[in-house]
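Inside the fold
Spelled out, the chains give:
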Amino acid sequence: MALQINLRNGVCMIEGSINTTTAKMFKSHVKSLMDKIGNVTINIDNVKEIDVTGLSVLREFYLNHKNSKGAFSITGNGCKEIYHDFKTYGIA
(Lines give C-alpha, C1' and ligand atoms only; values in the text may rest on other atoms or scores of the structure.)
Protein backbone atom coordinates (compact mmCIF):
# COMPACT_ATOMS: atom_id res chain seq x y z
CA MET A 1 0.00 0.00 0.00
CA ALA A 2 1.27 3.47 -0.87
CA LEU A 3 1.94 6.10 1.74
CA GLN A 4 0.01 9.35 1.94
CA ILE A 5 1.00 12.26 4.16
CA ASN A 6 -1.44 15.12 4.61
CA LEU A 7 -0.95 18.11 6.87
CA ARG A 8 -4.21 18.86 8.68
CA ASN A 9 -4.36 21.51 11.41
CA GLY A 10 -0.63 21.18 11.96
CA VAL A 11 -0.74 17.38 12.29
CA CYS A 12 0.81 15.00 9.74
CA MET A 13 -1.89 12.48 8.98
CA ILE A 14 -0.14 9.30 7.83
CA GLU A 15 -2.06 6.72 5.81
CA GLY A 16 -0.70 3.49 4.39
CA SER A 17 2.55 1.64 4.96
CA ILE A 18 5.85 2.93 6.29
CA ASN A 19 8.26 0.36 4.92
CA THR A 20 11.48 -0.04 2.97
CA THR A 21 9.76 1.25 -0.17
CA THR A 22 8.26 4.39 1.41
CA ALA A 23 10.66 5.16 4.29
CA LYS A 24 13.01 7.42 2.32
CA MET A 25 10.13 9.62 1.07
CA PHE A 26 8.54 9.62 4.53
CA LYS A 27 11.81 10.65 6.19
CA SER A 28 12.43 13.41 3.66
CA HIS A 29 8.91 14.82 3.97
CA VAL A 30 8.84 14.82 7.77
CA LYS A 31 12.37 16.24 8.01
CA SER A 32 11.31 19.07 5.69
CA LEU A 33 8.36 19.84 7.97
CA MET A 34 10.60 19.77 11.05
CA ASP A 35 12.97 22.24 9.42
CA LYS A 36 10.09 24.57 8.48
CA ILE A 37 7.81 24.48 11.51
CA GLY A 38 9.87 22.90 14.30
CA ASN A 39 7.04 21.16 16.13
CA VAL A 40 5.79 18.06 14.34
CA THR A 41 3.00 15.73 15.39
CA ILE A 42 2.42 12.55 13.43
CA ASN A 43 -0.94 10.79 13.62
CA ILE A 44 -0.69 7.04 12.97
CA ASP A 45 -4.39 6.11 13.13
CA ASN A 46 -4.33 5.00 9.49
CA VAL A 47 -0.92 3.34 9.33
CA LYS A 48 -1.65 -0.18 8.12
CA GLU A 49 1.88 -1.59 8.23
CA ILE A 50 5.33 -0.62 9.43
CA ASP A 51 8.51 -2.62 8.96
CA VAL A 52 11.97 -2.44 10.57
CA THR A 53 13.04 0.41 8.26
CA GLY A 54 9.95 2.47 9.13
CA LEU A 55 10.43 1.86 12.85
CA SER A 56 14.04 2.93 12.54
CA VAL A 57 13.02 6.22 10.90
CA LEU A 58 10.47 7.01 13.64
CA ARG A 59 12.98 6.13 16.36
CA GLU A 60 15.58 8.36 14.70
CA PHE A 61 13.14 11.30 14.53
CA TYR A 62 12.21 10.87 18.17
CA LEU A 63 15.76 10.55 19.49
CA ASN A 64 17.20 13.36 17.33
CA HIS A 65 14.38 15.76 18.03
CA LYS A 66 14.21 15.02 21.76
CA ASN A 67 17.10 17.36 22.51
CA SER A 68 16.25 20.10 20.05
CA LYS A 69 14.10 23.18 20.54
CA GLY A 70 11.18 21.74 18.55
CA ALA A 71 8.85 18.97 19.58
CA PHE A 72 8.15 15.64 17.90
CA SER A 73 5.24 13.46 18.92
CA ILE A 74 3.30 10.49 17.66
CA THR A 75 -0.42 10.25 18.31
CA GLY A 76 -3.15 7.81 17.39
CA ASN A 77 -4.01 4.18 17.67
CA GLY A 78 -2.14 2.91 14.63
CA CYS A 79 0.36 0.09 14.52
CA LYS A 80 1.11 -1.38 17.91
CA GLU A 81 4.54 -2.32 16.53
CA ILE A 82 5.57 1.31 17.02
CA TYR A 83 4.73 1.24 20.72
CA HIS A 84 6.47 -2.11 21.20
CA ASP A 85 9.58 -0.89 19.36
CA PHE A 86 9.78 2.30 21.43
CA LYS A 87 9.21 0.32 24.62
CA THR A 88 11.98 -2.11 23.66
CA TYR A 89 14.39 0.80 23.21
CA GLY A 90 13.22 2.42 26.46
CA ILE A 91 11.83 5.57 24.84
CA ALA A 92 8.10 4.96 25.36
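Quick caveat, the model's predicted, so the values are computed rather than measured.

1. Brief notes about the pattern of salt bridges
Under the defined criterion, the tally for this structure stands at two salt bridges. Between Lys27 and Glu60 there is a salt bridge; the shortest N-O distance is 3.0 Å. Taken together, the residues span a long stretch of sequence, with Lys27 in helix H1 (residues 23–37) and Glu60 in helix H2 (residues 52–66) at a distance of 33 residues. Given the relative accessible area of 30%, Lys27 is considered partly exposed. We classify Glu60 as partly exposed; its relative accessible area is 30%. Between Lys31 and Asp35 there is a salt bridge, and its shortest N-O distance comes to 3.4 Å. Of this pair, Lys31 and Asp35 both sit in helix H1, separated by four residues, roughly a single helical turn. Looking at Lys31, the relative accessible area reads 43%, which means it is partly exposed.

2. A short note on the environment of Asn46
Residue position: Asn46 is located in strand S3 (residues 40–50). Excluding anything up to four places from it in sequence, Asn46 contacts Ile14, Glu15 and Gly16.

3. Considering the sheet that holds strand S4 (residues 72–75)
Reading across from one edge, S1-S2-S3-S4 is the order of the four strands in this open sheet, with mixed pairing throughout. The two strands at the open ends of the sheet, each matched to only one other strand, are strand S1 (3–8) and S4. Neighbour-to-neighbour, the strand axes of this sheet turn through a mean angle of 25°, independent of strand direction. Alignment of S1 against strand S2 (residues 11–18), held across six bridges, turns out to be antiparallel. Bridge pairing links Ile5 to Ile14 in S2.

Thresholds applied
Residues numbered from 1 in each chain as written. Predicted model: local features only at pLDDT ≥ 70, side-chain atom pairs only at ≥ 80, totals over all residues. Heavy atoms only, no water. Salt bridge = Lys/Arg side-chain N within 4 Å of Asp/Glu carboxyl O. Helix = DSSP H or I, 4+ residues; strand = E, 2+ residues; numbered from the N terminus. Buried < 20%, exposed > 50% of the residue type's maximum accessible area, 1.4 Å probe, protein only. Contact = heavy atoms within 4.5 Å. Pairing = 2+ DSSP bridges. Axes fitted to C-alpha atoms, helices over the stretch in contact; angles between N-to-C directions.

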